[in-house]
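# Reading the structure
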Amino acid sequence: MLVATVTVGVSLAGLTLALWRGVRTDIRAMEAGLRADIRAVEASLRAEDAELRADIRAVLADIDAKRLAHEALHAAEQRARAEERRELLAAIAAIGEGAP
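A quick note: this is a predicted structure, and the numbers were derived from the prediction, not measured. (Residues numbered from 1 in each chain as written. Predicted model: local features only at pLDDT ≥ 70, side-chain atom pairs only at ≥ 80, totals over all residues. Heavy atoms only, no water.)

Moving on, we come to the overall build of the protein. When helices and strands are counted, the protein shows one helix and zero strands. Taking 2.2 N^0.38 as the reference for a compact globule, 100 residues should give roughly 13 Å; the C-alpha atoms of the protein span a radius of gyration of 43 Å, well beyond that estimate. Taken along the three principal axes of its C-alpha coordinates, the protein extends 145 × 15 × 5 Å. Here the protein, with 100 residues, has 0% of them falling under the buried criterion. For the protein, the accessible surface area stands at approximately 8800 Å², while carbon and sulfur atoms represent 67% of it. Mean positive and mean negative side-chain charge positions of the protein (14 and 16 charges, respectively) differ by 11 Å. (Helix = DSSP H or I, 4+ residues; strand = E, 2+ residues; numbered from the N terminus. Rg over C-alpha atoms; globule rule 2.2 N^0.38 Å. Buried < 20%, exposed > 50% of the residue type's maximum accessible area, 1.4 Å probe, protein only. Areas by Shrake-Rupley, 256 points an atom, 1.4 Å probe, with all protein chains shown as cover. Lys, Arg positive; Asp, Glu negative; His and termini not counted. Charge placed at Lys NZ, Arg CZ, Asp CG, Glu CD.)

Dropping the structure here:
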C-alpha cells in the first residue's frame, strides 16, 4: 500500500511538473507574441505620427504660401491705387492749367 501511494504521489508530482512546464512555455510564448504585437503597434503609431507631422507641415506651408500671395496681391492693389491717384491728380492739374 505504501509503495502504491508513493508511486501515485511521484506520478502526480511528475504530471504536475510536466503541466507546469507546459503552462510556463505557453506563458512565455504569449509574452513573446504580446511583445511582438506591442512593437508592431508602436511602429504603426510612429508611422502615423510621421504622416500626421508631414501633413501638418504641408498645411503650414500652404498657409504660408497663401499668406504670401495675399500680401503680394494687397501690395499690388496699393500700388495700383497709388498710380490711379497720381493719374487723377495729374489729370486735375492738367485741367487746372488749361482753365481760364
